[in-house]
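# Results of the structural survey
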Amino acid sequence: MLSNIKINRISQSNIQNVDFDNIPFGKVFSDHMFIADYRDGKWCDPRIVPYEPIAMSPAISALHYGQSIFEGMKAYRNPEGKPLLFRPEANHKRMNKSAERLCMPNITKDFFIGGLLELLKVDEQWIPKKDGYSLYIRPFMFAIDEYVGIRPSESYRFIIFTCPVGSYYTAPLNVKVSDNYVRAFPRGTGYAKVAGNYAAGMLPLKFARQEGFDQLVWLDGKEMKYVEESGTMNLFFQIGDTLVTPIAEGTILEGITRDSILKLAKDLGVKVEVRKLSIEEVFEAYNKGKLKDAFGTGTAATIAPIQTITYKGFRMELPPVESRSVSLKLHHALDAIRTGKSEDPHGWMIKLNDKIS
Ligand code: COI
């Protein structure tokens, strides 16, 4: 895999400047990054270089027209301290789905996973050892043609950098159901991990934060009736003893944590429904005392409990987090697999020296 990779190591690691007991999310960067370029119809020049600013033309089309996609994944350590990577093949697949939607080239597995494994070998010591911490991995690809006309770029850059991280959210969330802005429309880009989806959510979130909320719940763009996502996360509701998550039919990002929770719920015998779920139904369940839990899932957030949901001025207060036995059990099962403390029945975990077919 990637036999022609060049490695230029940093002269002095920055790791001694990091307080691993207190890491803010996304602000501390490991020593190196992996870079590759796409030109003349193929990926080339794989290299590992020190993490540092990159010089770019101000005319690159990613900056002007948003041909830019990304992924998020995490690496952990098993009880013996050996690094483990969680479901990188699923991220690779999704990155290529996003690439297709924005008319960008697919990235090959040897560059995506092979490059990542080489990077992790160089920066292995950056994978946190403490429980509750992990190494967040950010692969991204953007258009680098120096051209101001609008057309798909012919050249691209692919970069992976990593950040040791703790929790993304430190407390249960108070969310507001957005009743004016929407995140995605049918046949749009909602299912893809494209940079512009996140930019479009920033103004509505700013308004919600001014009202004291932590995050928004997005409704479908057509009828503003069905629940879709919350902030950057997929959503789950426990109604009675059934876990319900909105069906992903083009407007919802198909989260890898979402998929993992669905599979683990099945393993644990939890009843699951993947379907359309209206905000009215959530209210009805609440009024009947059947809404036992609501939480978001995502790579950064893992499982983020929701404490209150407000829609058009009505507020639902959910049961205390300690009482939510189903999501606590699922969270525990997921953590145990990711940190190598339990069997990995789905074959999700990859070791640094595993051969990737
Ligand atoms: C992720 O969960 O990886 C995301 O893309 C969310 C981002 C806010 C860190």
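Residues numbered from 1 in each chain as written. Predicted model: local features only at pLDDT ≥ 70, side-chain atom pairs only at ≥ 80, totals over all residues. Heavy atoms only, no water.

Counting secondary structure elements, the protein chain contains eight helices and 18 strands. Its C-alpha atoms give the protein chain a radius of gyration of 21 Å, within 12% of the compact-globule value 21 Å for 357 residues. Scored against the burial criterion, the 357 residues of the protein chain give a buried share of 55%. For the protein chain, long-range pairs separated by at least 24 residues make up 71% of all intrachain contacts whose partners lie at least 6 apart in sequence. Split by element, the accessible area of the protein chain, about 16600 Å² in all, is 51% carbon and sulfur. In the protein chain, 46 positive and 42 negative side-chain charges are present, and the distance between their average locations comes to 1 Å. (Helix = DSSP H or I, 4+ residues; strand = E, 2+ residues; numbered from the N terminus. Rg over C-alpha atoms; globule rule 2.2 N^0.38 Å. Buried < 20%, exposed > 50% of the residue type's maximum accessible area, 1.4 Å probe, protein only. Contact = heavy atoms within 4.5 Å. Areas by Shrake-Rupley, 256 points an atom, 1.4 Å probe, with all protein chains shown as cover. Lys, Arg positive; Asp, Glu negative; His and termini not counted. Charge placed at Lys NZ, Arg CZ, Asp CG, Glu CD.)

What follows covers empty space enclosed by the protein. One pass over the structure, following the stated rule, counts one cavity of 30 Å³ or more. The space that makes up the largest cavity amounts to roughly 60 Å³. Contributing to the lining of the largest cavity are G72, M73, K74, Y76, F86, N91, I256, T257, T299 and R338. Counting only elements with at least two residues in the lining of the largest cavity, the list comes to strand 5 (73–77) and helix 6 (256–267). Considering each element in turn, the lining of the largest cavity owes the most residues, three residues, to strand 5. Among the residues forming the lining of the largest cavity, the class breakdown is four nonpolar, four polar and two charged. (1 Å grid on protein atoms, 1.4 Å probe; cavity = no way out; pocket = protein on both sides within 12 Å on 5 of 7 lines; lining within 4 Å. Points joined across faces, edges and corners; volume = space filled by probe spheres on them. Nonpolar A, V, L, I, M, F, W, Y, C, P; charged D, E, K, R; others polar.)

Grouped together as the largest cluster of nonpolar side chains are 57 residues, with contacts concentrated most on F34, W43, M141 and F158. Looking at this core, the elements with two or more residues in it are strand 2 (32–39), strand 3 (42–50), strand 4 (68–70), strand 5, helix 2 (88–101), helix 3 (109–122), strand 7 (134–143) and strand 8 (156–165). In terms of residue count, the dominant contributor to this core is helix 3 (eight residues). When residues of this core are assigned to domains, at least three fall in each of domain 1 (6–166) and domain 2 (173–338). Not counting residues within four places of it along the chain, the set of residues in contact with M141 comprises W43, Q67, S68, I69, M95, M104, P105, I107, Y156, R157 and F158. (Core = buried A, V, L, I, M, F, W, Y, C linked by side-chain atoms within 4.5 Å. Domains from an automatic or database assignment.)

Assigned domains within the protein chain: domain 1 (6–166) and domain 2 (173–338). Between the C-alpha centres of domain 1 and domain 2 the distance comes to 27 Å. Of the roughly 1800 Å² buried between domain 1 and domain 2, counting both surfaces, carbon and sulfur atoms make up 60%. Interface area lost by domain 1 to domain 2 is led by F70, R94 and R101, which between them contribute 34%. Where domain 1 packs against domain 2, one counts two salt bridges. Between E254 and K97 there is a salt bridge, with its nearest N and O atoms 3.4 Å apart. (Buried area = accessible area lost by both parts, 1.4 Å probe. Salt bridge = Lys/Arg side-chain N within 4 Å of Asp/Glu carboxyl O.)

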